[in-house]
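So the chains spell out like this:
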Amino acid sequence: MQKKSQSSEKRTFSTPQMALTAIMTAIMCILGPLSIPIPISPVPITLTNLVIYFTVCFLGWKLGTISYLLYLIIGLIGLPVFSAFGSGFGKLFGPTGGYLIGFIFMAIICGLFFEKYTNKAILFLGLILGSAVNYAFGTLWLAWQANLTFSQALWAGVIPYLPGDLIKVIFTIIFAPMIKKRIFSLHFYSNMI
């Protein structure tokens, strides 16, 4: 009987976990619409991937992915939380929809690396791998949507963003674990993940 109650406790979310998941979803909703369009691509520069990196660092892959899925649902039902204050299924089925789907897999991969490793070099590789999977989804979808070759879609939707995304990865590896340590040292969050 004791064993059963312990396993059921592990499956439930604590109040601090739910609160931090909601906070990270809210931050995604605030920063996700902020975007910088660039003339050579239908894909704008956004902070969504940076927020996802931080979210999965703080919450792990499961709650981090749930947080992103909540953001995705909020945008799909019509609230303007996607890039350039977009929303709805039109955004999902538009040229940048592959990135919106790819972020799910990026959250899982990056979150697993944050859960299993603290070595910065390994975390760097994990975030690069997660980002590459997101790029693959986004590039394939963009090529199909815009009737481009894979190479043209890479030049339109990935290559111009690599320097900025590299800075986001390095920024995350340096600062996210430090911020997580401070948040989790607070009494309210001390029994989290």
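Let me sum up the structure you'll find in this document. Counting of residues starts from 1 at the beginning of each chain's written sequence and follows it residue by residue. Local features in this predicted model are restricted to residues whose pLDDT is 70 or higher, and side-chain atom pairs enter the listing and the counts only when it is 80 or higher, whereas totals over whole chains, interfaces and linings include all residues. Side-chain measures were taken over the full set of non-hydrogen atoms in the model, leaving aside hydrogen atoms and water.

1. What to know about the packing of helix H6 (residues 120-146) against helix H7 (residues 150-157)
Packing of H6 against H7 brings their axes to within 8 Å, and their N-to-C directions diverge by 115°. Our classification of the angle between H6 and H7 gives roughly perpendicular. Between H6 and H7 lies a crossing whose hand is right-handed. When H6 is examined against H7, the residues Thr 139, Leu 140, Leu 142 and Ala 143 are found in contact with a partner set consisting of Phe 150, Ala 153, Leu 154, Ala 156 and Gly 157. Classification used: nonpolar for Ala, Val, Leu, Ile, Met, Phe, Trp, Tyr, Cys and Pro, charged for Asp, Glu, Lys and Arg, polar for all others including Gly. Of the residues in the contact of H6 with H7, the class split is 7 nonpolar, 2 polar and no charged. Axis angles are defined between N-to-C directions and span 0 to 180 degrees, where every axis is a line fitted to C-alpha atoms and, for a helix, only to the segment in contact. A helix here means a DSSP run of H or I that spans at least four residues, while a strand means a run of E at least two residues long, and both kinds are numbered starting from the N terminus. In what follows, roughly perpendicular refers to angles from 65 to 115 degrees, roughly parallel to angles under 35, roughly antiparallel to angles over 145, and oblique to any angle outside these ranges. Should the near helix be turned counterclockwise from the far one by less than a right angle, the crossing is left-handed, whereas a clockwise turn marks it as right-handed. Two residues qualify as a contact provided that any one of their heavy atoms is within 4.5 Å of a heavy atom in the partner residue.

2. With respect to empty space enclosed by the protein
Put plainly, a pocket is an open set of points on a 1 Å grid over the protein atoms alone with protein on both sides within 12 Å along at least five of seven lines, a cavity is a set where a 1.4 Å probe fits but cannot get out, and a lining residue has an atom within 4 Å of a point. Grid points are joined across faces, edges and corners, and a volume is the space filled by probe spheres set on the points. The full count for this structure, using the stated rule, is 1 cavity of 30 Å³ or more. The calculated volume of the largest cavity comes to roughly 320 Å³. Every residue lining the largest cavity is counted, 23 residues in all, and those nearest its centre are Val 43, Pro 44, Thr 46, Tyr 99 and Phe 103. Mapped onto the lining of the largest cavity, the elements with two or more residues apiece are strand E2 (45-46), helix H3 (48-76), helix H5 (97-116), H6 and helix H8 (162-185).

3. Focus: the nonpolar core
Residue types Ala, Val, Leu, Ile, Met, Phe, Trp, Tyr and Cys, when buried and joined through side-chain atoms within 4.5 Å, form a set referred to as a nonpolar core. Only protein chains enter the accessibility calculation, which uses a 1.4 Å probe; a residue whose area is less than 20% of its type maximum is buried, one above 50% is exposed, and one in between is partly exposed. With 35 residues, the main nonpolar core has Ile 52, Phe 58, Tyr 68, Tyr 71, Leu 72, Phe 82 and Leu 127 as its most contacted residues. Counting only elements with at least two residues in this core, the list comes to helix H2 (15-31), H3, H5, H6 and H8. The greatest single-element share of this core, amounting to 14 residues, is contributed by H3. The contact partners of Ile 52, leaving out residues within four places of it in the chain, are Met 28, Tyr 68, Phe 103, Met 106 and Ala 107. Core analysis: the second largest hydrophobic core is formed by 10 residues, Ile 38, Leu 142, Ala 143 and Val 158 among them.

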